[in-house]
Amino acid sequence: MKALLIVDVQNDFCPGGALPVPEGDAVVPVINSLMDAFPLVLASKDWHPPQTVHFEKWPPHCVQGTPGAEFHPQLRTDKIQLVLLKGTGNRDDGYSAFEATNVNLAEYLRQQGVTELYITGLATDYCVRATTLDALREGFRTYVVTDAVRAVNVNPGDGERALQEMQEAGAILISSEDVRKAQEAVAP
Ligand code: VGL
Ligand code: ZN
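Chemist: Account for the sheet that holds strand β3 (residues 82-86), naming residues and giving values.
Modeler: Pairing within the open sheet is parallel, and its 6 strands lie in the order β3-β2-β1-β4-β5-β6. Of all strands in the sheet, those with a lone pairing partner are β3 and β6 (172-174), marking the two edges. Recorded for the sheet is a direction-independent mean angle of 25° between the axes of neighbouring strands. Taken together, the 6 bridges between strand β4 (residues 116-122) and strand β5 (residues 141-150) define a ladder with parallel strand orientation. Counted as the bridge partner of Gly121 is Val149 from β5. With respect to the sheet, helix α1 (residues 27-34) is in contact with β1 (2-7), β4 and β5, its orientation differing from that of β5 by roughly 140°.

So this is what it looks like as structure tokens:
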């Protein structure tokens with residue numbers, strides 16, 4: 001069984017937010033178009049306390065309960081079965097959705113019978129990267145949907161390098177079109 005994992009598609013990571021990812025909002029329609037192909041859809045939220053060591057590295061963003069921490073308003077939430085909260089402590093970055101503090105994600109996925117994870121969202125070079133590498137370590141067949149992710153690119157090329165690193169670690173890079181095609185072949 002496969003699951004769609006949406007990483008941090010929150011207002012603060014989109015244009016106009018506190019830590020905007022260039023074209024961050026461009027992933028929203030792509031992710032929306034994928035949801036119906038998956039029996040299980042999960043989404044993570046970066047969910048920081050107002051004071052955290054994380055804000056020594058980054059401008060304050062995604063503070064628990066603030067508008068910046070909400071999902072992008074166009075993201076379809078009706079299909080999201082579980083929200084994973086991460087970066088919730090004062091001393092952790094919580095880049096990976098597998099560091100969620102409200103659910104043990106790896107255990108949850110195994111309980112649900114999930115063997116394949118399709119990863120989308122923000123940002124390619126931080127939370128998508130960390131989540132993908134953890135998913136591989138946990139033994140899931142892990143896909144990264146390349147047109148459903150965007151990078152911060154603190155240094156030019158960070159996003160491309162992250163994709164290459166994930167691929168070398170065993171991730172399969174796939175386009176959203178190919179995800180949809182594969183699904184149509186199964187259930188026309
Ligand atoms: C992220 C930087 C800081 C991310 C979160 O979601 O990729 N990046 N916090
Ligand atoms: Zn953060």
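Chemist: If you had to explain the nonpolar core to someone new, which residues and values would you point to?
Modeler: Ranked by size, the top nonpolar core spans 33 residues in total, and within it Leu4, Ile6, Ile31, Phe38 and Leu75 carry the most contacts. At the level of secondary structure, the elements contributing two or more residues to this core comprise β1, α1, β2 (40-46), β4 and β5. Tallying contributions element by element places α1 first for this core, with 5 residues. If sequence neighbours within four positions are ignored, Ile6 has contacts with Ile31, Met35, Val41, Leu42, Ala43, Ser44, Leu75, Ile80 and Thr120. If you look at the next biggest cluster of nonpolar residues, it comprises 30 residues, including Leu5, Leu42, Ala106 and Ala135.

Chemist: Would you mind going over the packing of aromatic side chains in detail, with residue names and values included?
Modeler: Tallying each qualifying case throughout the model produces 5 aromatic pairs. Look at Trp58 and Tyr126: their rings are 4.8 Å apart centre to centre, the planes differ by 85°, and that puts the pair in the edge-to-face class. Note that Trp58 is positioned in the loop between β2 and β3 and Tyr126 in helix α3 (residues 124-137), a separation of 68 residues in sequence. Measuring from centroid to centroid gives 5.8 Å for Tyr95 and Tyr126, while their planes differ by 45°, and the two rings are tilted. A residue pair is termed long-range when its members are at least 10 positions apart, and Tyr95 in the loop between β3 and α2 (105-111) and Tyr126 in helix α3 qualify at 31 residues. When its relative accessible area of 24% is taken as the criterion, Tyr126 is described as partly exposed. The cationic tip of Lys45 hangs over the ring face of Phe71; the distance from NZ or CZ to the ring centre is 4.5 Å.

Chemist: Mind laying out the site of ligand 1, listing which residues take part and the relevant values?
Modeler: Looking at ligand 1, the residues that line it are Asp8, Phe13, Leu19, Asp46, His54, Trp58, His61, Tyr95, Leu122, Ala123, Tyr126 and Cys127. Asp8 has a polar side-chain atom sitting 2.7 Å from an oxygen atom of ligand 1. His61 is positioned with one of its side-chain polar atoms (N or O) 3.1 Å from a nitrogen atom of ligand 1. Per-class residue counts for the shell around ligand 1 are 8 nonpolar, 2 polar and 2 charged.

Chemist: So, the side chain of Asp125: which residues are in play, and what are the values?
Modeler: Residue placement: Asp125 occurs in helix α3. Notably, Asp125 is buried but unbridged: the nearest opposite-charge side chain belongs to Arg161, and the N-O separation is 7.8 Å. A distance of 2.9 Å separates a polar atom in the side chain of Asp125 from the backbone nitrogen of Val152. Polar side-chain contacts of Asp125 include one of 2.8 Å to the backbone nitrogen of Asn153. Other than its neighbours up to four places away in sequence, Asp125 contacts Ala151, Val152, Asn153, Val154, Asp158, Gly159 and Ala162.

Chemist: Mind laying out the layout of surface pockets, listing which residues take part and the relevant values?
Modeler: Approximately 160 Å³ is the volume found for the largest pocket. Of all the elements in the fold, those that place two or more residues in the lining of the largest pocket are β5 and α4 (158-168). Classifying every residue of the lining of the largest pocket gives 4 nonpolar, 5 polar and 3 charged.

Thresholds applied
Residues numbered from 1 in each chain as written. Chains lettered and ligands numbered in written order. Predicted model: local features only at pLDDT ≥ 70, side-chain atom pairs only at ≥ 80, totals over all residues. Heavy atoms only, no water. Pairing = 2+ DSSP bridges. Helix = DSSP H or I, 4+ residues; strand = E, 2+ residues; numbered from the N terminus. Axes fitted to C-alpha atoms, helices over the stretch in contact; angles between N-to-C directions. Contact = heavy atoms within 4.5 Å. Core = buried A, V, L, I, M, F, W, Y, C linked by side-chain atoms within 4.5 Å. Buried < 20%, exposed > 50% of the residue type's maximum accessible area, 1.4 Å probe, protein only. Phe/Tyr/Trp six-rings, centres within 6.5 Å; stacked < 30°, edge-to-face > 60°. Lys NZ or Arg CZ within 6 Å of the ring centre and 35° of its normal. Near = heavy atom within 4 Å. Polar contact = N/O pair within 3.5 Å; in protein donor to acceptor, adjacent residues only side chain to side chain. Nonpolar A, V, L, I, M, F, W, Y, C, P; charged D, E, K, R; others polar. Lys, Arg positive; Asp, Glu negative; His and termini not counted. Salt bridge = Lys/Arg side-chain N within 4 Å of Asp/Glu carboxyl O. 1 Å grid on protein atoms, 1.4 Å probe; cavity = no way out; pocket = protein on both sides within 12 Å on 5 of 7 lines; lining within 4 Å. Points joined across faces, edges and corners; volume = space filled by probe spheres on them.

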